[in-house]
Amino acid sequence: MTTAATETAGPAVRVRFLGDFELTVNGTPVQRWRAGKARGLFQYLAVHRGQMLTRDRLYASLWPGADSAAGSSLKVAAHALRRVLDAHPDRPGDSGIQLVYRDFGYVLHISGLWCDLDRFQELVHTGLRAATAGDAPLARTRLRAAIGLYGGEFLRGESADWVVEQREYLRALALRALGALRADAEAREDFVELIEVCKRTLEIDRHHEETYRALMAAHGRRGELACVRRWYELCARRMRDELAVAPGHETQRLLGTLIPAAARAAAAPVTGAPPATVRALRPTARRAGTPAWSPEARTTALARPVRRARPDNRAAAALARAADQATA
């Protein structure tokens, strides 16, 4: 699957948010920040560039719980950011970056910017629109390029609330793109690309049941039943161990359709068969709606009167008659 995306040549500022954060100004990576929050301030302003962000909003996002009335932390970070990026409000440097204070807040302007975040979203949206319009080749090209740009989760390793919110939105967008690529590969019966798309999906969401079903169905069409069972077992193990749930009914039905014996084994109790003495107590018939093994059934079985065996005297009588005949 082609993953290379066409990028604009020669921007003064290049920013990567997907995966490890990276900022390059005039070809030089920015690696040293003069204040602890200067980098976070730039990241937040860059995502919302061109918008005037009030001090209260900046404090709520970057310094939650701090007193915004004092304003010292924000001033220090803004001053450091200007020095690092030469972002003077009146005389921007060669990068074209301006950090302007206006109306109790800040606004960031960047000219000549390339940002993977913007490009990724643009490619996904145009690709999905093309898919809806029935232009499969264009959709395929755009969505492949988008997934190629998705180098990892948004600002990997950072945990601020605004970062997590943005991360989950972009993650869902990537899964939508992969879902469209998966459907396209299934329609073309391109098994190689289907496997690659499914693998990429599980790297983003290891509990994505629809992807496991796609893999099971693909292997089932090829007669690779052992692979069908392994994908189901991997899905079931991850769902059980990490989410404490079982695979959904649709996934179980698919297993039953492809491998009926495997479905019966998957549905068997995990604790093993009960002892023979317990099995002997199970009633042969139960009322409709009563589980195969329940407290009610067990109580009914135990309360059933036990028939006592009657002594068989026929053998003793026969021996007595034989003795009489012998002494006659």
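Structure: see above.
The structure displayed is predicted, hence computed values, not measured ones.

J.: Any chance you could explain the pattern of salt bridges here in plain terms?
T.: Pairing is possible between side chains that carry opposite charge, provided their charged atoms lie close to one another. In the structure shown here, the tally under the stated rule is 20 salt bridges. Across the salt bridge formed by Arg 39 and Glu 158, the nearest N and O atoms sit 3.1 Å from each other. Of the two residues, Arg 39 sits in helix α1 (residues 38-47) while Glu 158 sits in the loop between α5 (136-149) and α6 (161-188), which places them 119 residues apart along the sequence. Residue Arg 39 is classed as partly exposed on the basis of its relative accessible area of 31%. On the basis of relative accessibility, which here comes to 23%, the residue Glu 158 falls in the partly exposed class. Among the ionic pairs, Asp 190 bridges to Arg 188, the shortest N-O distance being 3.3 Å. With relative accessibility at 24%, the residue Asp 190 sits in the partly exposed group. Take Arg 188: its relative accessible area is 34%, and that puts it in the partly exposed class.

J.: Can you help me understand the packing of aromatic side chains in this one?
T.: For any two aromatic rings, the description comes down to two numbers: the centre-to-centre distance and the angle of the planes. Under the defined criterion, the tally for this structure stands at nine aromatic pairs. Consider the rings of Phe 17 and Phe 21, whose centres lie 5.7 Å apart with planes at 50°: the pair is tilted. The pair formed by Phe 17 and Phe 21 is uniform in burial state, with each residue classed as buried. Ring centres 4.9 Å apart and planes at 90° place the aromatic pair Tyr 44 and Trp 162 in the edge-to-face group. One end of the pair, Tyr 44, is in helix α1; the other, Trp 162, is in helix α6, and 118 residues separate them in sequence. In this structure Tyr 44 comes out as buried when scored by relative accessible area, which is 3%.

J.: Looking at this structure, how should I read the pairing of strand β2 (residues 22-25)?
T.: Every other side chain in a regular strand lies on the same face of the sheet, so the side chains alternate between the two faces. Taken together, the four bridges between strand β1 (residues 13-16) and β2 define a ladder with antiparallel strand orientation. Bridge assignment links Arg 14 to a residue of β2, and that residue is Thr 24. Hairpin connection between β1 and β2: a loop of five residues separates the two successive antiparallel strands, and Gly 19 in this loop has a positive phi of roughly 95°. Judged from the two bridges that link them, β2 and strand β3 (residues 28-29) form a sheet pairing that is antiparallel. If you follow Val 25 over to β3, its bridge partner there is Thr 28. Between β2 and the antiparallel strand that follows it, β3, lie two residues; Asn 26 among them carries a positive phi value of about 55°.

J.: Help me understand the packing of α6 against helix α7 (residues 191-204), please; the structure alone is not making it clear to me.
T.: For any two helices packed against each other, the geometry is given by the interaxial angle and the distance between the axes. Where α6 meets α7, the closest approach of the two axes is 9 Å, and the angle between their N-to-C directions is 160°. In this view, α6 runs roughly antiparallel relative to α7, as classed from their interaxial angle. Of the two elements, α6 crosses α7, and the hand of that crossing is left-handed. Of the residues in α7, those in contact with Arg 171, Ala 174, Leu 175, Leu 178, Leu 181, Arg 182, Ala 185, Glu 186 and Arg 188 of α6 are Glu 193, Leu 194, Val 197, Cys 198, Arg 200, Thr 201 and Ile 204.

Conventions used here
Residues numbered from 1 in each chain as written. Predicted model: local features only at pLDDT ≥ 70, side-chain atom pairs only at ≥ 80, totals over all residues. Heavy atoms only, no water. Salt bridge = Lys/Arg side-chain N within 4 Å of Asp/Glu carboxyl O. Helix = DSSP H or I, 4+ residues; strand = E, 2+ residues; numbered from the N terminus. Buried < 20%, exposed > 50% of the residue type's maximum accessible area, 1.4 Å probe, protein only. Phe/Tyr/Trp six-rings, centres within 6.5 Å; stacked < 30°, edge-to-face > 60°. Pairing = 2+ DSSP bridges. Axes fitted to C-alpha atoms, helices over the stretch in contact; angles between N-to-C directions. Parallel < 35°, antiparallel > 145°, perpendicular 65-115°, else oblique. Left-handed = near helix turned anticlockwise from the far one by under 90°. Contact = heavy atoms within 4.5 Å.

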